[in-house]
Structure formats: C-alpha cells, structure tokens
2 protein chains.
Amino acid sequence: MTTARQKVRTQAALAKAASHTLVTMSADQKNRALWAFSEALLENQEVLIEANRVDVDSARNAGMSGPLLKRLSFTKDSIRNACQGLQTLVSLPDPIGNILEMRRRPNGLLIGKMRVPLGVVGMIYESRPNVTVDAIGLCLKTSNSVILKGGSEALRTNAAIVEIAKRAIEQAGIPADAIQFISDTDREAAQEMMALYEYIDLLIPRGGSSLIRFVKENAKVPVIETGVGNCHIYVDLSAEPATARRIVINAKTSNPAVCNAAEKLLIHRAVAPSLLPVIVNDLTERGVEVRGCKEALKLCPGLVLAEEGDWETEYLDLIMAVKVVEDIDEAIAHINRYGTGHSEAIVTADYENAWKFLNDVDAAAVYVNASTRFTDGFEFGLGAEVGISTQKLHARGPMGLEELTTTKYIVFGNGQIR
Amino acid sequence: MTTARQKVRTQAALAKAASHTLVTMSADQKNRALWAFSEALLENQEVLIEANRVDVDSARNAGMSGPLLKRLSFTKDSIRNACQGLQTLVSLPDPIGNILEMRRRPNGLLIGKMRVPLGVVGMIYESRPNVTVDAIGLCLKTSNSVILKGGSEALRTNAAIVEIAKRAIEQAGIPADAIQFISDTDREAAQEMMALYEYIDLLIPRGGSSLIRFVKENAKVPVIETGVGNCHIYVDLSAEPATARRIVINAKTSNPAVCNAAEKLLIHRAVAPSLLPVIVNDLTERGVEVRGCKEALKLCPGLVLAEEGDWETEYLDLIMAVKVVEDIDEAIAHINRYGTGHSEAIVTADYENAWKFLNDVDAAAVYVNASTRFTDGFEFGLGAEVGISTQKLHARGPMGLEELTTTKYIVFGNGQIR
C-alpha cells in the first residue's frame, strides 16, 4: 500500500473513533461548537481571503473560465453567507436521539425508531469553498465525523477553513479528529476513500459529471449521487409572457456555474412565434449564447443550430439551448429522456397542466411558475446542504440534517416470545 | 452478449415500460389486484404444493439439511400466511402520491414532498417461496415493477407463484409485465441484473452472506444489503431467570434457519454460575449444539470450545455459542464488534442498563426483554416485508411499503426568482 493510501486509511480510522465520542455530545455542546466555528471564520476573514486569492490566481493562470472562477472565489460575502448557514443550523432542532412512530403492537411490544448518526461521512468534491463549511456544519450537527477531499484548485482555501474549524470545535470540547482533511489531491487518495467501507458509512461526490460517474462506478462505500443538473424551463401555451421572461432570465443568468441553473428552454409551438424572439433577445443581451432546434432558428435566424449532444449537456456556462415543442406531453417526454433528474420547471396558467407536470416529471424538484435556482438547502429551509441528490435512494434533492442520519428500531418488551 | 444476458435485459426493459403504467393505477385498482392474487393462491394451492414437493424432494436428494429444507417448504400454512400478508397490504393506506411536509417559505414558495415509486425493483434471493409472494405484493402496492431472481432450489415453486400472480393482476387490469421472473439460475443472469442501472432502480439481495457480499461488491445498480443476522441475547446481572430462559429458547430454537434467530448468548459473570447450566440444559434438550468460551466450559463441562470464528458466524442451524462477559460494557463492545447490525436483545430488570443497551448497540433492531425473532415486517406491523436491511442508507430493519418508495420535491410559485 502506498503512503498516500496508508495516510487516508489512518485518517479514516481516526474519524471512526471520533464518531463514537460524537454520539455522546449533547445538542447544546454541538451548537456551541457550531457557533464557535462561525465566529472563528469571521475573525479569520483575512487569512481565508488571502488563501483564496492564491487559489484563484493560480486557477486563473491555469486558464480557468469566468463562471468557474467565480464559483471558486471565497469573498467576504461568501463567508457571511456560510456563517449565516452555520447560525441557521444552530437554531434548527437536533434530530439525533428523537424517537419516531412509537407504536404498541397487539402482543404488547412497543416499537419505535430512534434517529441516529450515520457515523462517518466522506465528501469528494470540486471547488466551491462554502461546501467545506456547510459539510462540517451539517456533520457536526448530526454527530457524524466528516472526511473532506476537496479539489486541488481550492486546496489552500479548504485547508484554511478546516484548520479554523478543528481549532474551534476542539475548544468547544469536541474531538478535532471528527474533521479529517485529505491534502493529497490525486485520484489514489480518492480511490482509497472509495474502498474503506469499514470506516466510511456514506460517500458523497459533488462536482462535475465525470467525477460523479467515477465515484459511482468504483466505490464500494455506499454513495449518494449529487448534483449534475441539466435543468429545463418549459414555457406552456398559457404562460404569462412577463413571468416566463423573468424566470428564464433568472434561471439561466443569475449564477450559470451552479447545478440548479437552467440549461434548456422548451417552448410551446403556439406561443413560440411571439415569445421566443423576445426571450432570445433577453438572453443574448445578457451575454448568453443561444442554440436552437431548426424551428427555433426559423423564428430567430441569428441562433446557432443545436446538435443532439446539446440536449444532454450541462453547460455550467452562459449557453442555453432552445427547443420548440408540440405540447406539454412532448415537453415532459423530452425532460424525462434528457434531464438528469435535478430541477425542472413549467411556466403555465393552466391548472391541469401544472398538476400534470408535477406528477409526470421524474426529478428531485419539480417547479410551477418559479425559477429552478431555488433548489438548495438554504432556500428550501434546511439550513445548509451537503449536496443535492439526483438519485432515488435515501435522499432526493437538497440533503440537509435528516439526510445525514439513519434510524434504528427500538423494541420494549416484557418477556414476549414468538 | 450471451442469450441469458440479452433475455434479462429484455425483461428489464419490459418491467421499466410497465412501471410507467403502474404509476397511473389508483389505489383501488392495485388493491383489487392484490386481492385477486391472494384468492388465486388459495384456489391453486394444490398446484403450488405439488410444485414445491418436487423442489423439496430434489433439494433433499442433493443433501440439503433440516432447517434449510423447512425454509424451502411451501405448505398450506405458508400459503395461508402469505395470503394474510397480501390482505394486510390491501388494508394498509397507499403511500403513493401523498404530499409530506408542505411548507410556505418566506418568499411565498410552497414546498412539499410527493411520495413516488422507485420504478423497478430487482430481487436476487435464495429459497423461502413466501419471499416471492411478499415481494410481488409490496411492489404492486407501491406501483413498482419487480424483477425476481430466486434460487434454483425453489425454481418450480417460484415459477408457479409468478404465473398465478401475472394472471391475477392482468385480470385486474394491471400489465403482467410489471412482474418479471428470471428463470436462468446461473450467476450470469444475476450479473446482468447488477449492471442494468438504466432499467433497475434498486437491487435487493436476500440470502446467505456470500450472495449478499457478491451483489454488494459487484453491482452498479444501487443495492440494499439485507439479512445476515449474527444476533445476540445478552443476559444481564439483573435478568429475571425465567424470562431469560424463555427468550433464549425462543430466539434460538423457534426457527433456527431465519436471520432473526439468535446465534450467540452473552451472560453476565455474576449470574453465569447459577443460570448458564440451566440455559445450556434447556438448549441441549432441544437439540442445540452449544459451544462456549473457556469460562463457560468450566461452568458447563460438556460444551464444545468455541473458536474465534464462531463469534462472527451466522449458523442458521441448531448451534449456539455462549460467552461469559464481565459486564454490560463488554457485552455491548462484543456485539458492536462481531454483530452484523441485525437484531440484538438484552434481558434485564435494570432501567439504566436497558437504556444504555438501546442507545449504544448499533443495529437495525435493538430489544429489551423480548425475543429477536420479532424482527420482520409482519410482526412490526408493516404488512409484509421485502427483506431486512442491515445497512444504514435509505432503509434499516424490515423494509415495508415506505422503503419501496422515494419522494420528489414539488414547488408551487407565482413567478418567484432568486
């Protein structure tokens, strides 16, 4: 076994050992640690911003593009937002130890479910330093240890965040080993994490589709797939034009580098002649490259022709592909075929079509008359999130506190046999 | 691709297509189909019993042992129990389409979760023909298609059950393709199922530990690990002797071939001299081979010495290993080290120790003063079960209706952007 692998294994064993202590921590103690972590981030803003500047500079020199650079940056605003997330976590009830669905069976047995931590959560992720803060906060609140393997591009920022976190929680009486940071950035360290099912209870890959596929196909540790978002807005026949325009502009341009940004626009044939040119104009004015199906090109001659590959691509950039559809059925069929099961929206004034879309689209989050950009833990009221699951098992959509727990049945008897 | 693989792939595609129709079925329609299936099983009892006789005879000729033969047999009683399970399913509320946790966000968005089917559930399992009935019933009730690959030893029984089921549901207006039976019994068919993540949403292996490990380590389809049960009874210092004896006898001998049967007895040092010889006598009188640690052997000289391997073995037979422990802490540490996270029980009259055991033992079901034999879907009030999960993700313990569903977020807006 190589040194890199051995080091990961040692860290994972430390995380597992710490998880046994974490279970015994009271909600108060965990909340004090979260608060201390938030305070420490604010106090060390300059250190964090400086570490991030070095990361951003070297990424820019390596040729990273605009939206991705923006995603990597950790500014005063990002720090304030991250702290707000931690403070929201403090205010949320502690899920651990709660007893659910306690029932008396006919034989007198009293059977319920107790909410318990998973144990050790591994994260393999790319850029976005606030993921580091959120993951630490959520795992701490749920009494899980966390093993963090961020991308090389954010190494200095993540290392600085983790150092601050370990110091803060230790001062609050929680073992610093509950947070493990993998500083090796090569795939061998990741591969070792993926194999360590004796220590790691859940692995969450978060990043580009190739990272996620790599983890999904190779991990022996249980995985929750996250975040690839080929999201659609379908503008229905009855859509209110101003609402459609506002939602499309917001979903595409407010933050094109994140997974809940819209990548595709589907528009009903009957409204396309009047509405599509206006929307395309809205988008191009904001620097979006619009690609279209043949019919869209007839209505808006300036567009690039979309290829088959466009329909399945998550651009994460100022690009949008547009398709004119016959009706809501074609829209739903297209979404269920090409979508990644992340976030899908309809703009409509029609009651039946709203319900049809909600029922028939198979995705983690389905919207009527709102931007897909709301799909995240903070906006959904979960405090923060550790990722957005696009799989069906265990967790679907933004994963907050409950998604980082499991349950066990507890059974009270007085001598029952079967 | 071999013919066996191609056939599995075709069947999986049919199951997926049928799952789209299943979603549109009303609860009434599904209940009528369940009822029809139950009636048809009763009407065709002779066919089923005859098919099972052939399976049991050839298993006996191949040298299958007593408890396993019992597990394979499908008698009038098993049929009646299976039908009772189906009828309980009819009486349970349909989980599909329910909306959970609908909340208004500060920006006016209304966000809830809708319960939806998984899609296609694959089962790879060994013996126990009632698993076939339960799996069909649970999947039907939850609008999932099911692909069944049973063991070769029960091939004729399972085929007869599936034929009856397909005919019954088709007459009730549900596509027969929703139930697929894999008649190839080799590993190649199983391997193809394990790779088909475009068609199969969840794979449940149910059987011996080597089958489960094989599926867990090789499947690309998400898997829920089930059922290996190295279950313990810990007899505490304060245990009421008669209760301890009754629970140990029941947990070991009432059905030794199932996963919730106890395999190990841990006993507090202070009560071992008086109680252990009595319990060992209870067990040997009932044909149990008792193996013991050195200390147990001093108290009961006739025992076989247990080896290290005994502590981690699921016998599924009339064998039990006994260990004398210093106190509850040693008992819990032993269980958390050697247990498989299935069902664990303490016999005690002590309030603190009862809570300590419930909190600190890491298993799907933890009991105070009751037999581990209750861990199943019917006994827990779930109607029937598709297996007992021993993993922490998605489902833990007996898996009933809810465990065969997922949710999607539904979001109602009136033009919200972010």
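The shown structure was predicted, so the numbers you read here are calculated from the model rather than taken from an experiment.

Undergrad: Help me understand helix α3 (residues 45-61) of chain A, please; the structure alone is not making it clear to me.
TA: Working note: α-helix, 3.6 residues per turn, so residues spaced by three or four point in the same direction. Residue and element names in this part refer to chain A. Counted at 1.5 Å a residue, the expected span for α3 with its 17 residues is 24 Å, and the 24 Å between its end C-alpha atoms agrees. All buried positions along α3 are accounted for by Leu-48, Ala-51, Asn-52, Asp-55, Val-56 and Ala-59. Looking straight down α3, one finds its buried side chains confined to an arc of 135 degrees; they lie on one side. Pointing more than 90 degrees away from the buried face of α3 are the exposed residues Glu-46, Asp-57 and Asn-61. Lining the buried residues of α3 we find α2 (27-43), α4 (66-72), α5 (76-91) and α7 (155-171). Just past α3, the residue Gly-63 takes up positive phi, approximately 95 degrees.

Undergrad: Help me understand the sheet that holds strand β2 (residues 110-117) of chain A, please; the structure alone is not making it clear to me.
TA: Picture the strands of a sheet paired through backbone hydrogen bonds; they go either parallel or antiparallel. Read across the open sheet, the 10 strands follow the order β1(A)-β2(A)-β16(A)-β13(B)-β12(B)-β7(B)-β8(B)-β11(B)-β9(B)-β10(B); overall the sheet is mixed. Among the strands making up the open sheet, the edge pair consists of β1 (99-104) of chain A together with β10 (304-305) of chain B. Here strand β16 (residues 405-416) of chain A runs beside strand β13 (residues 365-370) of chain B; their pairing, made up of five bridges, is parallel. Each residue of the ladder has a partner; that of Gln-416 of chain A, found in β13 of chain B, is Ala-370 of chain B. Packed onto the sheet, helix α13 (residues 328-338) of chain B meets β7 (231-235), β8 (262-268), β11 (319-325) and β12 (343-347) of chain B and runs at close to 140 degrees relative to β11 of chain B.

Undergrad: Looking at this structure, I do not really get the interface of chain A and chain B. What am I missing?
TA: Quite often, the size of an interface is put as the accessible area lost when its parts meet. In this assembly, 48 residues from chain A lie in contact with 48 residues from chain B. Mapped by element, the contributors of at least two residues to the side of chain A that touches chain B are α10 (241-253), β13 (365-370) and β16 of chain A. Taken together, the residues that form the side of chain A that touches chain B break down as 22 nonpolar, 15 polar and 11 charged.

Undergrad: Even after reading the chapter, I still don't get the domain arrangement of chain A, so can you show me in this structure?
TA: Residues and elements named next belong to chain A. With domains assigned, chain A is organised as domain 1 (3-224 + 399-412) and domain 2 (231-374). A C-alpha centroid distance of 34 Å is found between domain 1 and domain 2. Taken residue by residue, the interface counts five residues in domain 1 and five residues in domain 2. Ranked by the residues each element gives to the side of domain 1 that touches domain 2, the list is headed by α4, at four residues. Considered class by class, the residues forming the side of domain 1 that touches domain 2 number two nonpolar, one polar and two charged.

Undergrad: Please explain the sheet that holds strand β6 (residues 202-206) of chain B as it appears in this structure.
TA: Residue and element names in this part refer to chain B. Reading across from one edge, β5-β4-β3-β6 is the order of the four strands in this open sheet, with parallel pairing throughout. In this open sheet, the two strands that pair with only one neighbour each are β5 (179-181) and β6. When strand polarity is set aside, the average angle formed by the axes of neighbouring strands in this sheet is 15 degrees. Sheet analysis places strand β3 (residues 120-125) next to β6, joined by five bridges and oriented parallel. Within β6, the position partnered with Met-123 by the bridge is Ile-204. The strands that helix α1 (residues 3-22) touches are β3, β4 (145-149) and β5; relative to β4, the one it contacts most, it runs at about 150 degrees. Contacting β4 and β5, helix α7 (residues 155-171) runs over the sheet at an angle of about 155 degrees to β5.

Undergrad: Is there a simple way to think about helix α6 (residues 130-141) of chain A in this case?
TA: Residues and elements named next belong to chain A. Over its 12 residues, α6 extends 17 Å from the first C-alpha to the last, a length consistent with the 16 Å expected when each residue adds 1.5 Å. Taking burial as the measure, the 12 residues of α6 include 11 buried ones, the bulk of the element. Along α6, the residues that are buried comprise Val-131, Thr-132, Val-133, Asp-134, Ala-135, Ile-136, Gly-137, Leu-138, Cys-139, Leu-140 and Lys-141.

Undergrad: Mind showing me how you'd approach the relation of the copies chain A and chain B here?
TA: The relation between the two chain copies is a rotation about an axis coupled with a shift along that axis. Take chain A, turn it by 180 degrees, move it 0.0 Å along the axis, and it overlays chain B with an RMSD of 0.0 Å. Taken together, the rotation angle and the small translation identify this as a two-fold axis. Residue His-394 of chain A of chain A places its C-alpha closer to the rotation axis than any other residue of that unit, at 1.8 Å.

Undergrad: Where do I start with the packing of α3 of chain A against α7 of chain A in this structure?
TA: The relative placement of two packed helices comes down to the angle between their axes together with the axis-to-axis distance. Residues and elements named next belong to chain A. Interaxial distance between α3 and α7 falls to 7 Å at its minimum, and their mutual angle equals 160 degrees. The pairing of α3 with α7 is recorded here as roughly antiparallel in orientation. Between α3 and α7, the residues in contact are Val-47, Leu-48, Ala-51, Asn-52, Val-54 and Asp-55 and Leu-155, Arg-156, Thr-157, Ala-160 and Ile-161, respectively. A breakdown of the residues in the contact of α3 with α7 according to their chemical character gives seven nonpolar, two polar and two charged.

Undergrad: Looking at this model, I keep getting lost on unusual backbone geometry. Mind explaining?
TA: The phi torsion of most residues other than glycine is negative, and most of the peptide bonds are trans. Phi angles above zero are rare outside glycine, and His-394 of chain A is one such case at about 70 degrees. What makes His-394 of chain A buried here is the crowd of 21 C-beta atoms within 10 Å. The phi angle at Ser-143 of chain B is positive, at roughly 60 degrees, despite the residue not being glycine. Look at Ser-143 of chain B and you get buried, because 26 C-beta atoms sit within 10 Å.

Undergrad: Honestly, the pairing of β12 of chain B in this entry has me stumped. Any pointers?
TA: Each regular strand shows side chains that alternate between the opposite faces of the sheet. All names here are of chain B. When you tally the buried positions in β12, you get five out of five residues, the bulk of the element. Burial of the side chains of β12 extends over both faces: Ser-343, Ala-345 and Val-347 are buried on one face and Glu-344 and Ile-346 on the other. Both β7 and β12 contribute to a ladder of four bridges, which runs parallel. Following the sheet pairing, Val-235 is matched in β12 by Val-347. Where β12 and β13 come together, four bridges link them in parallel fashion. In the sheet register, Ala-345 faces β13, and the bridge partner there is Tyr-367.

About the criteria used
- Residues numbered from 1 in each chain as written.
- Chains lettered and ligands numbered in written order.
- Predicted model: local features only at pLDDT ≥ 70, side-chain atom pairs only at ≥ 80, totals over all residues.
- Helix = DSSP H or I, 4+ residues; strand = E, 2+ residues; numbered from the N terminus.
- Expected span 1.5 Å × (residues − 1).
- Buried ≥ 20, exposed ≤ 12 C-beta atoms within 10 Å, placed from the backbone.
- Arc of directions from axis to C-beta.
- Contact = placed C-beta atoms within 7 Å.
- Pairing = 2+ DSSP bridges.
- Axes fitted to C-alpha atoms, helices over the stretch in contact; angles between N-to-C directions.
- Nonpolar A, V, L, I, M, F, W, Y, C, P; charged D, E, K, R; others polar.
- Domains from an automatic or database assignment.
- Least-squares fit on C-alpha atoms with pLDDT ≥ 70 in both.
- Parallel < 35°, antiparallel > 145°, perpendicular 65-115°, else oblique.

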